[in-house]
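Each chain is listed here by its residues.
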Amino acid sequence: MNSDDEIYMEGSASSEDDMDDECLSDDDGIARHDQSASDYLNKKDKDNEVLDHDSLEAEMKKAISEVEAVLQVKTGVCRILLHKYKWNKESLLERFYEHPDTIAFLIDAQVIPRQQEVIPAGDAECDICCSMDELSGLSCNHRACAECWQAYLTNKIVSDAQSEIECMAPNCKLLIEDEKVLSYISDPTMVSKYRKLMVASYVEINCLLRWCPGIDCGKAVKVSHWEPRLVVCSCGTCFCFSCGQNWHEPLNCRHLKKWIKKCQDDSETMNWINANTKDCPKCMIPIEKNGGCNRMLCTNSGCRYEFCWMCLEPWTKHGYQYACNGYDETAVKNPQDAQEISRANLKRYLFYFNRYMGHEQSLQLEGKLNIKVAKKMEQMENMSMSWIEVQFLRKAVDILSECRRTLMYTYAFAFYLKKDNNSIIFESNQANLEMETEQLSGFLERDLEDEDLVTLKQKVQDKYRYVEQRRKVLLDHCAEGAEQDIWQYND
Ligand SMILES: [Zn+2]
Ligand SMILES: [Zn+2]
Ligand SMILES: [Zn+2]
Ligand SMILES: [Zn+2]
Ligand SMILES: [Zn+2]
Ligand SMILES: [Zn+2]
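Residues numbered from 1 in each chain as written. Chains lettered and ligands numbered in written order. Predicted model: local features only at pLDDT ≥ 70, side-chain atom pairs only at ≥ 80, totals over all residues. Heavy atoms only, no water.

The name an unreviewed UniProt entry assigns to the protein chain is RBR-type E3 ubiquitin transferase, from the organism Caenorhabditis elegans. As recorded by UniProt, the Sequence similarities (unreviewed entry) comment attached to the protein chain reads in full: "Belongs to the RBR family. Ariadne subfamily." If you open the UniProt record of the protein chain and go to Pathway (unreviewed entry), you find "Protein modification; protein ubiquitination." (UniProt positions renumbered as here; feature names shortened; annotations may be inferred.)

This is the structure in structure tokens:
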């Protein structure tokens, strides 16, 4: 039902060149949302409404009747016209009144036929099934028996999932009004299917609406003006209004789309095993990763080597002098032939892909923290802390997830970025955020039991505030860069 691509893509289904395309963006910028999703949820946003099927249908009908009152044409015709103008009423009326030739306008909009067939008198043979029967049809006078119409419409509704259906005659572009469609189909399930399709089409072509991608949600989010931004559905799903994917700041929608496609297409990445075990770089015994934190401690009691899961280098080496987040472009020196170039490109890509997946994996593993933290909060409440006082732990887990998600997308962002002074600043922000995120993760995964409550609270709060700040610095820098067009991409 949800076709992200079509809405996002330039020139979706029926966009004709004379139509207003308010939905389209330059798309290299990404709008900002400073709050984390959890903050966002707590704050009622007047600018973003969640609508279920019935309210969507009611809105659609309201828009239709408003136009109907002005244009004095049938409801079904109004719906077709509004659909053509992506449910932008003003734009439709403006074009309608500005157009020098109303008939031509209506022909273009496929609501009146280009030409009318002459009808012979009396019963005739149905062209489709060849039976002699009472024939009926549309204003183009293309006719068939009722059974053939019904079969044709049923097929369009069921197989093609269409609610804008053209006349059965080949080359006749006339769209069939809803009243007409409903006069041929009578089966209640078919009628309700058709109504669902009308609402779906209303949502999908309307720039101010988007289906929530949440599984089995079925609601749509409505905004007052179009821009790439984080929206939150009443079911809790957070997504990018512009492309319907997970919120992906600082990556823009165009690069996200390319990135997802690249990850799917590339046979190399198919081989990326969700590796939960790696050998300790020192003693070589296999170490299992069962938490999100990338600071690993070898479980071999004779070794206890601390290393970075991402790069396998000693953890102590990481810090403000050394970070492993940047790809060393000089790793491959002056590739000579095509094969060397493609190998170098692949190596570079795998570097970013690996880190992207690494943070995604951490995000999954840190999901377990919710249970752990809930237990701890209960325990703290039993030790005389109030409900409000223990909420900092939940907040810390939320912020950790936000940071993991941001980090994931920073690696896709970095993949498309050319090396220059700005990308160096970005990389240092990224290294910083990564380092702080690992520390926050470490606190929550390891240190919950080791501290007295007052120290723990202080420590966790200080850390998550600082991490949030690092995240904001990074995202602000990316957003400002997009606004000022400073990012050099290698598409
Ligand atoms: Zn027939
Ligand atoms: Zn026709
Ligand atoms: Zn939802
Ligand atoms: Zn997007
Ligand atoms: Zn070891
Ligand atoms: Zn590392």
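What follows deals with the overall build of the protein chain. What the protein chain contains, in helices and strands, is 16 helices and 13 strands. Across the 491 residues that make up the protein chain, the buried fraction comes to 47%. Partitioning the intrachain contacts of the protein chain with sequence separation of at least 6 by distance along the chain shows that 62% fall at a separation of at least 24. When the accessible surface of the protein chain is split by element, carbon and sulfur atoms take 50% of a total near 25,000 Å². (Helix = DSSP H or I, 4+ residues; strand = E, 2+ residues; numbered from the N terminus. Buried < 20%, exposed > 50% of the residue type's maximum accessible area, 1.4 Å probe, protein only. Contact = heavy atoms within 4.5 Å. Areas by Shrake-Rupley, 256 points an atom, 1.4 Å probe, with all protein chains shown as cover.)

As judged from the four bridges shared by strand 1 (residues 48–51) and strand 7 (residues 220–223), these two strands associate in the antiparallel manner. What sits directly across from Asn48, in strand 7, is Val223. Here strand 6 (residues 209–211) runs beside strand 7; their pairing, made up of three bridges, is antiparallel. Residue pairing across strands places Trp211 opposite Ala220, the latter belonging to strand 7. (Pairing = 2+ DSSP bridges.)

Our next topic: the coordination of the zinc ion (ligand 5). For the zinc ion (ligand 5), the full set of protein donor atoms is Cys280 (SG), Cys283 (SG), Cys298 (SG) and Cys303 (SG), and the range of their distances to it is 2.2 to 2.4 Å. Around the zinc ion (ligand 5), the four donor atoms sit at angles spanning 102 to 115 degrees, and that spread fits a shape best called tetrahedral. (Donors = N, O, S within 2.8 Å, 3.2 Å for Na, K, Ca; no water. Tetrahedral: all angles 85-135°; square planar, octahedral: opposite > 155°, others 65-115°.)

It is the contact of helix 10 (residues 253–265) with helix 12 (residues 338–365), at a shortest axis distance of 12 Å, that shows an interaxial angle of 100 degrees. The pairing of helix 10 with helix 12 is recorded here as roughly perpendicular in orientation. Side by side, helix 10 and helix 12 meet where Trp259, Lys262 and Cys263 of the first sit next to Tyr349, Tyr352, Phe353 and Tyr356 of the second. For the contact of helix 10 with helix 12, the residue count by class is six nonpolar, no polar and one charged. (Axes fitted to C-alpha atoms, helices over the stretch in contact; angles between N-to-C directions. Parallel < 35°, antiparallel > 145°, perpendicular 65-115°, else oblique. Nonpolar A, V, L, I, M, F, W, Y, C, P; charged D, E, K, R; others polar.)

A few words on the pattern of salt bridges. Throughout the structure, instances matching the rule amount to 25 salt bridges. For Glu438, the salt bridge goes to Arg404, with nearest N and O atoms at 3.0 Å. With Glu438 in helix 15 (residues 421–446) and Arg404 in helix 14 (residues 387–415), the pair connects residues that are 34 residues apart, well separated along the chain. Arg404 carries the same exposure label as Glu438, and that label is buried. (Salt bridge = Lys/Arg side-chain N within 4 Å of Asp/Glu carboxyl O.)

What follows covers the coordination of the zinc ion (ligand 2). Looking at the zinc ion (ligand 2), the protein donor atoms are Cys140 (SG), His142 (ND1), Cys167 (SG) and Cys172 (SG), and they sit 2.0 to 2.3 Å from it. All donor residues of the zinc ion (ligand 2) come from one chain, and their arrangement in sequence is C-x1-H-x24-C-x4-C. Remark: Cys172 occurs in the loop between helix 7 (146–158) and helix 8 (178–184) and His142 occurs in the loop between strand 4 (135–137) and strand 5 (143–145); sequence separation between them is 30 residues. With respect to class, His142 is no different from Cys172; both count as buried.

Two residues of an α-helix separated by three or four positions point the same way, owing to the 3.6 residues in each turn. Over its 26 residues, helix 15 extends 37 Å from the first C-alpha to the last, a length consistent with the 38 Å expected when each residue adds 1.5 Å. A large share of helix 15 lies buried, amounting to 19 of its 26 residues. At the N-terminal boundary of helix 15, the capping side chain belongs to Asp420, with an oxygen 3.0 Å from the backbone nitrogen of Asn422. (Expected span 1.5 Å × (residues − 1). Polar contact = N/O pair within 3.5 Å; in protein donor to acceptor, adjacent residues only side chain to side chain.)

Judged by pairing direction, the sheet is antiparallel, and its three strands sit side by side in the order 1-7-6 without closing on themselves. Bordering the open sheet on either side are strand 1 and strand 6, each of which pairs with just one other strand. In this sheet, neighbouring strand axes are inclined to one another by 25 degrees on average, regardless of whether the strands run parallel or antiparallel. Across the sheet, helix 3 (residues 53–71) is in contact with strand 1, strand 6 and strand 7; its angle to strand 1 comes to roughly 110 degrees. On the sheet, helix 9 (residues 188–205) packs against strand 6 and strand 7 and is oriented at approximately 120 degrees with respect to strand 6.

Attention shifts here to the side chain of Lys376. Within the secondary structure, Lys376 is located in helix 13 (residues 369–382). Lys376 sits in the buried class, given a relative accessible area of 4%. Of note is the side chain of Lys376, whose polar atom sits 3.2 Å from the backbone oxygen of Leu448. The contacts of Lys376, once residues within four sequence positions are left out, are Leu393, Leu448, Glu449, Leu453 and Leu456.

This part takes up the confidence of the model for the protein chain. Any residue range with low pLDDT should be treated as having predicted coordinates unsuitable for detailed reading. When the pLDDT values of the protein chain are averaged, the result is 87; 88% of them are 70 or greater. In the predicted structure, residues 1–22 sits below a pLDDT of 50 and forms 43 contacts with residues beyond four places in sequence or in another chain. Here residues 38–44 is a poorly scored stretch, pLDDT under 50, and it has 13 contacts once near neighbours within four places are set aside; other chains count. (pLDDT = per-residue confidence, 0-100.)

Per the counting criterion, the structure on display carries 23 aromatic pairs. Considering the side-chain rings of Trp87 and Tyr202, the 4.6 Å spacing of their centres and the 85 degrees angle between planes classify their relative orientation as edge-to-face. Residue Trp87 is found in the loop between helix 4 (75–84) and helix 5 (89–98), and its partner Tyr202 is found in helix 9; the two are separated by 115 residues along the sequence. With 6.4 Å between their ring centres and 85 degrees between their planes, Phe413 and Tyr489 make a pair best called edge-to-face. Of the two residues, Phe413 is situated in helix 14 and Tyr489 in the segment after helix 16 (453–483); the sequence distance between them amounts to 76 residues. (Phe/Tyr/Trp six-rings, centres within 6.5 Å; stacked < 30°, edge-to-face > 60°.)

When you line up the elements, Glu329 lands in the loop between strand 13 (306–308) and helix 12. Along the chain, Glu329 and Ala344 lie 15 residues apart, while their C-alpha atoms are 9.1 Å from each other. Here Glu329 is in contact with Arg348 and Lys419, once residues within four sequence places are set aside. Side chain to side chain, Glu329 and Arg348 meet in a polar contact 3.3 Å long.

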